[in-house]
Amino acid sequence: MSIHSPISGHVETGFMSQYLEALSMVERLHRLLLDVIKDEFERLGVLEINAVQALLLFNIGDNEVTAGELKSRGYYQGSNVSYNLKKLVDMGYMHHQRSEIDRRSVRVRLTDRGCEIRDVVADLFERHAKGLEDRKVLSLDGIEEINSSLKRVERYWTDQIRYIY
């Protein structure tokens, strides 16, 4: 999705322009993150897993979760998460077990193989964090300000979904 729309007369042109630039940047950064992860796995010769699946394993970490929990945490959209969880189970990166309470619900957790992939992503992110800090691309204050701003946008968008639509 590309953010190109005419600027409305109802919003200050400068703010609208900056908002559209921010939306576009978030979109590009997400795609770029997936490319960076893909590149890391290609460099290591791990070709059977894609970047979305690797990020899913990283986000699950040491937890045991359901697809619904991953969706409710805001990590993934509906059918994508179910498809990728099934693929990861089939490839041996995750264990799955039906819930004793609700037989329709399946809980998943990483296998040792899945933990290895999670660790590759964690190491990649650690190298990036160190590089950003060492090269003074971002300071602790800077990253905290970015996170604070993004959380405010997230709350605003969540409120729009819950209360307006």
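Residues numbered from 1 in each chain as written. Predicted model: local features only at pLDDT ≥ 70, side-chain atom pairs only at ≥ 80, totals over all residues. Heavy atoms only, no water.

- Going by an unreviewed UniProt entry, the protein chain carries the name Winged helix DNA-binding protein and comes from Maritimibacter dapengensis.

1. Concerning the overall build of the protein chain
Part 1: Counting its secondary structure elements, the protein chain contains 6 helices and 2 strands.
Part 2: For the protein chain, the α and β elements follow one another from N to C terminus as α-α-α-α-β-β-α-α.
Part 3: Residues counted as buried form 28% of the 165 residues belonging to the protein chain.
Part 4: Here the analysis covers contacts within the protein chain between residues at least 6 apart in sequence; of these, 50% occur between residues at least 24 apart.
Part 5: Surface summary for the protein chain: the accessible area is close to 12,000 Å², and the carbon and sulfur share equals 54%. (Helix = DSSP H or I, 4+ residues; strand = E, 2+ residues; numbered from the N terminus. Buried < 20%, exposed > 50% of the residue type's maximum accessible area, 1.4 Å probe, protein only. Contact = heavy atoms within 4.5 Å. Areas by Shrake-Rupley, 256 points an atom, 1.4 Å probe, with all protein chains shown as cover.)

2. Considerations on the packing of helix α1 (residues 13-44) against helix α2 (residues 51-60)
Part 1: Packing of α1 against α2 brings their axes to within 8 Å, and their N-to-C directions diverge by 95°. In terms of axis orientation, α1 runs roughly perpendicular to α2. Contact residues: Leu 33, Leu 34, Ile 37, Lys 38 and Phe 41 in α1; Ala 51, Val 52, Ala 54 and Leu 55 in α2. (Axes fitted to C-alpha atoms, helices over the stretch in contact; angles between N-to-C directions. Parallel < 35°, antiparallel > 145°, perpendicular 65-115°, else oblique.)

3. Digging into the nonpolar core
Part 1: Ranked by size, the top nonpolar core spans 27 residues in total, and within it Phe 41, Leu 57, Ile 60, Leu 85, Leu 88, Tyr 93 and Met 94 carry the most contacts.
Part 2: Looking at this core, the elements that each hand over two or more residues are α1, α2, α3 (67-72), α4 (78-90), β2 (106-110) and α5 (112-134).
Part 3: When residues in this core are grouped by element, the largest group, 6 residues, is from α2.
Part 4: Each residue touching Leu 88, except ones within four places of it in the same chain, is listed here: Ile 49, Gln 53, Leu 56, Leu 57, Tyr 93 and Met 94. (Core = buried A, V, L, I, M, F, W, Y, C linked by side-chain atoms within 4.5 Å.)

4. Concerning the side chain of Thr 111
Part 1: Turning to its location among the elements, Thr 111 is positioned in the loop between β2 and α5.
Part 2: Of note is the side chain of Thr 111, whose polar atom sits 2.7 Å from the backbone oxygen of Gly 92.
Part 3: Every residue in contact with Thr 111, bar those within four places of it in the chain, is listed here: Gly 92, Tyr 93, Met 94 and His 95. (Polar contact = N/O pair within 3.5 Å; in protein donor to acceptor, adjacent residues only side chain to side chain.)

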